[in-house]
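Spelled out from the first residue to the last, the chains are:
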Number of protein chains: 2
Amino acid sequence: MRQDTGERKQAERLGVQPPKKYRHTFAVHSATRASCLSQDSAAPTSFTGFRNLGALVIIVSNLRLMIENFKKYGVLICIHCHDYRRQDVVYGSILYFLVPCHLFVAYIIELVAAQQAKGALARAKKMGVDSPANSSQRRQELRAFRTAWHLIAFAHGVNATLNLALATYVVYYHIHHPGIGTLCELHAVIVWLKTCSYAFTNRDLRHALLYPYASEVPELYSSCPYPQNITLRNLTYFWWAPTLIYQPVYPRTDKIRWPFVFKRCVEVVGLSIVIWIASAQYAAPLLKNSLGTISSLDLPSIAERLMKLSTISLFCWLAGFYALFQSFLNALAEVMRFGDREFYGEWWNSSGVRGYWSSWNKPVFQFMKRHIYSPMVGRGVPPLVAQIMTFLFSGVLHELLVGVPTHNILGVAFAGMMFQLPLIFLTDPLARMKGGNGKLLGNVIFWVSFCLVGQPLAALMYFFAWQAKYGSASKPQLWSTS
Amino acid sequence: MRQDTGERKQAERLGVQPPKKYRHTFAVHSATRASCLSQDSAAPTSFTGFRNLGALVIIVSNLRLMIENFKKYGVLICIHCHDYRRQDVVYGSILYFLVPCHLFVAYIIELVAAQQAKGALARAKKMGVDSPANSSQRRQELRAFRTAWHLIAFAHGVNATLNLALATYVVYYHIHHPGIGTLCELHAVIVWLKTCSYAFTNRDLRHALLYPYASEVPELYSSCPYPQNITLRNLTYFWWAPTLIYQPVYPRTDKIRWPFVFKRCVEVVGLSIVIWIASAQYAAPLLKNSLGTISSLDLPSIAERLMKLSTISLFCWLAGFYALFQSFLNALAEVMRFGDREFYGEWWNSSGVRGYWSSWNKPVFQFMKRHIYSPMVGRGVPPLVAQIMTFLFSGVLHELLVGVPTHNILGVAFAGMMFQLPLIFLTDPLARMKGGNGKLLGNVIFWVSFCLVGQPLAALMYFFAWQAKYGSASKPQLWSTS
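Definitions and cut-offs
- Residues numbered from 1 in each chain as written.
- Chains lettered and ligands numbered in written order.
- Predicted model: local features only at pLDDT ≥ 70, side-chain atom pairs only at ≥ 80, totals over all residues.
- Heavy atoms only, no water.
- Contact = heavy atoms within 4.5 Å.
- Buried area = accessible area lost by both parts, 1.4 Å probe.
- Salt bridge = Lys/Arg side-chain N within 4 Å of Asp/Glu carboxyl O.
- Polar contact = N/O pair within 3.5 Å; in protein donor to acceptor, adjacent residues only side chain to side chain.
- Helix = DSSP H or I, 4+ residues; strand = E, 2+ residues; numbered from the N terminus.
- Nonpolar A, V, L, I, M, F, W, Y, C, P; charged D, E, K, R; others polar.
- Least-squares fit on C-alpha atoms with pLDDT ≥ 70 in both.
- Phe/Tyr/Trp six-rings, centres within 6.5 Å; stacked < 30°, edge-to-face > 60°.
- Lys NZ or Arg CZ within 6 Å of the ring centre and 35° of its normal.
- UniProt positions renumbered as here; feature names shortened; annotations may be inferred.

1. Let's talk about the interface of chain B and chain A
The extent of an interface is frequently quoted as the accessible surface area lost upon association of the parts. In this complex, chain B contributes 115 residues to the contact, which on the side of chain A involves 115 residues. Buried area between chain B and chain A, both sides added, is near 10,700 Å², and the carbon and sulfur share of it is 62%. Ranking the residues of chain B by area buried against chain A places His24, His29 and Tyr213 of chain B at the top, with a combined share of 9%. Our enumeration of links across chain B and chain A arrives at eight salt bridges. A salt bridge links glutamate 304 of chain A to arginine 64 of chain B; its shortest N-O distance comes to 2.8 Å. Counting across the interface, chain B meets chain A through 58 residue pairs in polar contact (both at pLDDT 80 or more). Put simply, the parts of the chain that give the side of chain B that touches chain A at least two residues each are α1 (2-14), α2 (48-73), α5 (135-174), α6 (178-210), α9 (299-335), α11 (362-378) and α14 (436-470) of chain B. The leading source of residues in the side of chain B that touches chain A is α2 of chain B, at 17 residues. The class makeup of the residues in the side of chain B that touches chain A is 55 nonpolar, 34 polar and 26 charged.

2. Examining the relation of the copies chain B and chain A
The transform that puts chain B on chain A rotates by 180° and translates by 0.0 Å along the axis, for an RMSD of 0.1 Å. Viewed as a symmetry operation, the transformation between the two copies matches a two-fold axis. Mapped onto chain A, 100% of the interface residues of chain B again fall at the interface, so both copies present the same surface.

3. A few points about the packing of aromatic side chains
Describing an aromatic ring pair means giving the distance of the ring centres and the angle of the ring planes. Using the criterion set out here, one finds 77 aromatic pairs over all chains in the structure. On the numbers, 6.4 Å between centres and 40° between planes, the contact of tryptophan 317 of chain A with phenylalanine 321 of chain A is tilted. Of the two residues, tryptophan 317 of chain A and phenylalanine 321 of chain A both sit in helix α10 (residues 299-335), four residues apart, roughly one turn of that helix. With a centroid separation of 5.9 Å and an interplanar angle of 40°, the aromatic rings of tyrosine 237 of chain B and tyrosine 250 of chain B are classed as tilted. With tyrosine 237 of chain B in helix α7 (residues 232-240) and tyrosine 250 of chain B in the loop between α7 and α8 (258-296), this pair connects stretches of sequence that are 13 residues apart. The side chain of arginine 264 of chain A reaches across the aromatic face of phenylalanine 260 of chain A, ending 4.6 Å from its centre.

4. Considering the UniProt feature "active site" (unreviewed entry) in chain A
Residue and element names in this part refer to chain A. UniProt feature "active site" (unreviewed entry): in the numbering of this structure it lies at His398. Summarising the element assignment, histidine 398 is placed in helix α13 (residues 383-403). From its side chain, histidine 398 meets the backbone oxygen of serine 394 in a polar contact 2.8 Å long.

As structure tokens, this is what we get:
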């Protein structure tokens, strides 16, 4: 302390101005530190900023493409450019009212079946469990029961098949416009699947009624046991319920939230408009331009077209998925007070192709599992074979939905579904791998195979075939600028 | 139990085949569930899959642009297309050897200063703290000391200024090629900053020697106190050390990991080649094509060009940042056994423009803070003013580095730096906001303002000015195809 004061005195004697606070001597490099991108950096580095950058780059590059597109084509969106024929609308509306009738035919068949079952049960009861019965009477009893059982199955088969066959015939031969055609075919397929589920489920409920010990009925159904569920009311609910699986009883919500319904409907309308604009302004000219490259089989050009197409098709696909599975089905479920809203899983995270197919479209997946895959496995078919059969069936459905309305049964959609099988067996080990890399690779393979290659390629194929068969689907002046 | 066996007996009497396991009655919709994209879904939904998709989309869309580019221009990369003049190389190498000399001039000045300080100290000691001394001797002593002190400062000023002025003059008037010019100017600026830091730091170390109670020297320096650090060895280390801040002592690593150095060097070479290809094949024709749109002032087209340019400039920028700040500086630091490798922070996550400027280029930021901002604030300048002064200085440096080698002192780089101030004051509140949204917005503003608009715009400006002044920098046949 004295030393200090001494020095201050000396400083005053030397007459230097009082020392300032700040000095340039501060030690900036005070410790050994690693760069945060080096492996030897201790703390984990976050890259959220780059995620934001990625999103921005996608937005900007697509904005750029929009400007480019506008400068090249101007505005292609016009409401009067779609020349659907009067005949299409007529046939479309006929189908719209005809198709659901098959559901009610199935109902009538079930009514008969129920009566017949109740009768059998009553007679069995009347016979009594342990009383010795007249054998000839028993034999004819049995014969009658069996024939009825098979007749019912046959009737259901005819009814369901007739529904699908008729709709498909009409769409393929009498509805030119692919849009209207797709709607009709989709409607027919949905009702067909519902009819099948209705028939299968009721058959087994009937069986459970006759042989309670053989198969127990889920607790959920106890509020409406078998014969009581064969009512018009119950069927009508199933008809409109957002599911393809028939259950006598569904989990229900206790009230309808109309604001929720309204929001969902707004989403549906908004997204539909966006998709329409996207396809008219971006996809259509792109597809048109691609025709040349396909016919010329110039591979790099085809790849280039595919890549450009993939972005817009991906966009439409995602928007469409959201509009249909999130907005529309949730609105419908809300109105129907349908409790189980799990119409899809987190398919975008799926670490393999199998994960995708089992989670993107739950209603269809559940139908396939309950009425095709499980029954086969339950009857001793090896799971692998059962899977292949399921995908065969699914492939046929896809071809129906794409090939029939475009009047070109190319089998591309079918082949696409079949191609999923090797992909599944390829990505399954990745999904099972320890650590994130396998899952990441699986996820990437899924995105590439499905959204970046599969879809645009299929769209290109069917559009190409359509053009080859009919020429442009829209008025010529739409293309004059491209 | 008895009931059960009774029913089985009855079943056998009815003669129906033994019941199968699987039944179509399984209750798929067993509980009330929400869709995982709905707000009322309980578990948080993960979107990592979409992150992967985003990355894929960026890759694919750029692959597509590459194909497009190749089909349009073919291969533009050629090694002999750069026509630098012999004169450029000569002047460049002269500067390369001349510039560092100023560092050694500074060293000599410091030697003198150290001698003078030691003398003063010795005489002060000889005089003794409390002995009464001859007043006239004291006065002239004091005068001599003060003049010396100011002479030293003046000498340093002249030396440093001469360095920068000479280099700038030569680059602006005698080096045509912008690449070579930039390298020379950058080298000159770095050495200039190092000289300044050397002078400032030693002045205050000297002050601390004379008035120990006035300012304490960091503990780190104790291993090499003031006069001992004025050695050629110490200076040479500072000359090559990856920092702009002079410290007598730096934290050091105990050995050189040569494999580490090798890897970093490979990265530098690889990235340099990638950047060269990117600029020659993608940026160059793009810049060339943009000239028309700029002169025509067609805004949507300029926006379109800017957006297209932003992707490639962003890529070059990121690659360049990694090559220089991660690979090169780490390699250099490893060779110099320089401990503090914090050459940058996680600037990509910065939730505002301030965060970016204070973390992307730590060496310069540290210099600004230690030798410009803090001294001002320490002397009572309000922080805001000090910040503005710092950015003014930084703006001048940027203009020197861009404007001088391109022989167009447009002031765009300077204006760009000045424009950072309003951006900083705009994004500061966002960065301070609670919750992630403010930070996200700040981060987005940073990316847009800097990488997606600022850089490509500046590049376009200077390229445009260059073209206007000299025409193409490369051989004409390079452009014939565009």
